[in-house]
Amino acid sequence: MLEARREQLFERLKEGIAVIRSADRRAYDEYPQDSDFRQDNNFYYLTGLETPESWLVMFSRSDGRDSVVLFVPERDPSQEIWTGSQVGPAEVKKLTGIKSVYPSSEFEKRFLRQLARGAQLAKYTHLYLLAGVGVPGVREIVDLGLETHRSISDLGEPLAELRQVKDSVELARLRRAAWITGEAQREAMRSVRPGMYEYELEALIEYVFRLRGAERVGFPSIVGSGPNSVILHHDKNRRRMEDGDLVVVDVGAEFEYYTADVTRTFPVNGKFSERQREVYELVLATQEAVLEAIRPGVTMRELRAIADRYLREHSSGLCGRSGCQKYFVHGLGHWLGMDVHDVGSYTSALEPGMVLTVEPGIYLAEEGLGVRIEDDVLVTEEGHEVLSKNAPRTVWEIEDLMGRAP
Ligand SMILES: [Mn+2]
């Protein structure tokens, strides 16, 4: 699969050299609370490796004899008492099937110098780098004047195009991330009670994430109750939840580098009030109208228009005379993958294998009443599949799980 991804990237490159840098280790002294290593998404996508301070160099040739060279740090046995056993060049060769693997310390000697001298590498006229020249390595290339006689192109674009359509391994991971997140939502619904604090619900959700095998959260968990339900990125989660509140829970487990993003809104006491139910059912029906339209060929813009039209035509009196549409203040959805707001163009039409969120919401600040419903949706040949369907979504399903359905 990794080789197939590299092949597909080669197909999009002209005669040239692409350099992809790994993430750096975060020093424990500098980030004691957040020193967990997470690989750079593009590097991980192409290598599957979690080694820091590494480079992947891809040589794209017009005769089809493309080649790949990896530079990874040498093992340091004296450090392994701290780090556990590491993988060095020898192990990486076995893990990746890439034959040319060298120690990172030789990156400069073997690669940068040759590039500078030019002779052997002169025919590679394009230099593909990732935007964000701050990345070490890329800076060096530019500093050394290595871009002379080469046109520098952004590698981010072809990589984003590739990553926008998920392969089977990616889909398996996204499916798992969405399922874990749905299970956490169920647990939150079962456990919430008036008098609990938002952070207690957050802790419970993240406990279920870990319990089910997620490595981390894909983004800071949002648990917004009552007046906080209308704050879109409320992640302080310090409020005591009261009887009669709705709570907006917008969370995502990350499983093997792929994150879900699922929002549910439910009553803290287990039972929607009439008013809450009216607004909730409008948001739900809007989401349904959008979901029904999801199939290959449709664009994000068209989906947004469907949501806006639905809200305009069905909110008679619910949000005052002007209707509810103006209270839908954020985007309808985004691509989902290794990044929660994943790479990919928002003008391209949907294709099988793309994964997006659908998240209509209405926020009535004066009433402290916010409702958002968000699901993760795979585009299939025939239409779509909701990956987060294990999280209860209708009023009946929610009240039933919370033990308060009639
Ligand atoms: Mn989202």
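Quick note: structure is the one above.
All values derive from a computational prediction rather than experimental measurement.

Undergrad: What should I look at first to understand the overall build of the chain in this one?
TA: Helices and strands together make up the secondary structure of the chain, namely 12 helices and 17 strands. Referenced to the eigenvectors of the C-alpha coordinate spread, the extents of the chain come out at roughly 75 × 50 × 35 Å. Expressed as a percentage of the 406 residues in the chain, the buried residues total 51%. Within the chain, contacts between residues at least 6 apart in sequence are counted, and of these 68% link residues at least 24 apart.

Undergrad: Help me understand the pattern of salt bridges in this model?
TA: Two side chains of opposite charge can pair, provided their charged atoms sit close to one another. Enumeration according to the criterion identifies 27 salt bridges in this entry. Two residues, Glu242 and Arg240, come together in a salt bridge whose shortest N-O distance is 3.2 Å. Classification of Arg240 by relative accessible area gives partly exposed; the value is 39%. Two residues, Arg304 and Asp308, come together in a salt bridge whose shortest N-O distance is 3.2 Å. Separated by 4 residues within a single helix, Arg304 and Asp308 lie in helix 11 (residues 300-314), roughly one turn from each other. In this structure Asp308 comes out as buried when scored by relative accessible area, which is 13%.

Undergrad: What is the right way to look at the sheet that holds strand 3 (residues 67-72) in this model?
TA: The pairing of strands in a sheet happens through backbone hydrogen bonds and is either parallel or antiparallel. Sheet architecture is open: 6 strands sit in the order 4-3-2-1-5-6, paired in mixed fashion. Each edge of the open sheet is held by one strand with a lone partner, namely strand 4 (100-103) and strand 6 (151-154). Averaged over all pairs of adjacent strands, the angle between their axes in this sheet comes to 20 degrees, without regard to strand direction. Where strand 3 meets strand 4, 4 bridges bridge the pair, whose relative direction is parallel. For Phe71, the partnering residue across the bridge sits in strand 4 and is Tyr102.

Undergrad: Where do I start with the coordination of the manganese ion in this structure?
TA: Protein coordination at the manganese ion: the donors are Asp261 (OD), His334 (NE2), Glu359 (OE) and Glu374 (OE), at 2.0 to 2.4 Å from the metal. Counting the intervening residues between successive donors of the manganese ion yields the motif D-x72-H-x24-E-x14-E. Residue His334 is located in the loop between helix 11 and strand 13 (355-358), and its partner Glu374 is located in the loop between strand 15 (369-372) and strand 16 (375-379); the two are separated by 40 residues in the primary sequence. With respect to class, His334 is no different from Glu374; both count as buried.

Undergrad: So what exactly am I meant to see when it comes to helix 4 (residues 89-96) here?
TA: What sets the pattern is the α-helix's 3.6 residues per turn: residues three or four places apart point alike. Three or more residues of helix 4 are buried, namely Pro89, Val92 and Thr96. Seen from one end, helix 4 has its buried residues packed into an arc of 55 degrees, which puts them on one side. Away from its buried face by more than 90 degrees, helix 4 exposes Ala90 and Lys94. Buried residues in helix 4 make contact with helix 1 (2-11), helix 2 (41-47), strand 3 and strand 4.

Undergrad: Please clarify how the pairing of strand 16 should be interpreted in this entry.
TA: The side chains of a regular strand alternate, first on one face of the sheet and then on the other. Of all 5 residues in strand 16, 5 are buried, a share of seventy percent or more. Residues Asp375, Val377 and Val379 point to one face of strand 16 and Asp376 and Leu378 to the other, with burial holding for every one of them. Inspection of the sheet shows strand 13 paired to strand 16 by 4 bridges, in the antiparallel sense. From the neighbouring strand, Val358 faces strand 16, where its bridge partner is Asp375. Between strand 16 and strand 17 (residues 384-386), which follow one another and run antiparallel, lie 4 residues.

Undergrad: Would you take a moment to explain the sheet that holds strand 11 (residues 258-259) for this structure?
TA: An order of 7-10-11 is seen for the 3 strands of this open sheet, with the pairing classed as antiparallel. In the strand order of this sheet, the two ends are held by strand 7 (216-217) and strand 11, each with one partner. Note: strand 7 against strand 10 (residues 253-255), 2 bridges, orientation antiparallel. Counted as the bridge partner of Val217 is Ala253 from strand 10. Each of strand 10 and strand 11 touches helix 8 (residues 168-191); the most contacted strand, strand 10, lies at about 150 degrees to it.

Undergrad: Sorry, what's going on with the packing of aromatic side chains here?
TA: By convention here, two paired aromatic rings are described through the distance between centres and the angle between planes. Scanning the entire structure with this criterion turns up 7 aromatic pairs. Residues Tyr44 and Tyr257 carry aromatic rings whose centres are separated by 3.9 Å and whose planes lie at 20 degrees to one another, so their mutual orientation is stacked. Highlighted residues: Tyr44 in helix 2 and Tyr257 in the loop between strand 10 and strand 11, separated in sequence by 213 residues. Consider the rings of Tyr197 and Tyr199, whose centres lie 5.3 Å apart with planes at 15 degrees: the pair is stacked. Three or more aromatic residues joined by ring pairs form one cluster here, namely Trp55, Phe71, Tyr102 and Phe107. Over the aromatic face of Phe255 sits the side chain of Arg176, whose NZ or CZ is 5.4 Å from the ring centroid. Directly above the ring of Phe328 sits Arg304, whose terminal nitrogen or CZ lies 3.9 Å from the centroid.

Basis of the calculations
Residues numbered from 1 in each chain as written. Predicted model: local features only at pLDDT ≥ 70, side-chain atom pairs only at ≥ 80, totals over all residues. Heavy atoms only, no water. Helix = DSSP H or I, 4+ residues; strand = E, 2+ residues; numbered from the N terminus. Buried < 20%, exposed > 50% of the residue type's maximum accessible area, 1.4 Å probe, protein only. Contact = heavy atoms within 4.5 Å. Salt bridge = Lys/Arg side-chain N within 4 Å of Asp/Glu carboxyl O. Pairing = 2+ DSSP bridges. Axes fitted to C-alpha atoms, helices over the stretch in contact; angles between N-to-C directions. Donors = N, O, S within 2.8 Å, 3.2 Å for Na, K, Ca; no water. Arc of directions from axis to C-beta. Phe/Tyr/Trp six-rings, centres within 6.5 Å; stacked < 30°, edge-to-face > 60°. Lys NZ or Arg CZ within 6 Å of the ring centre and 35° of its normal.

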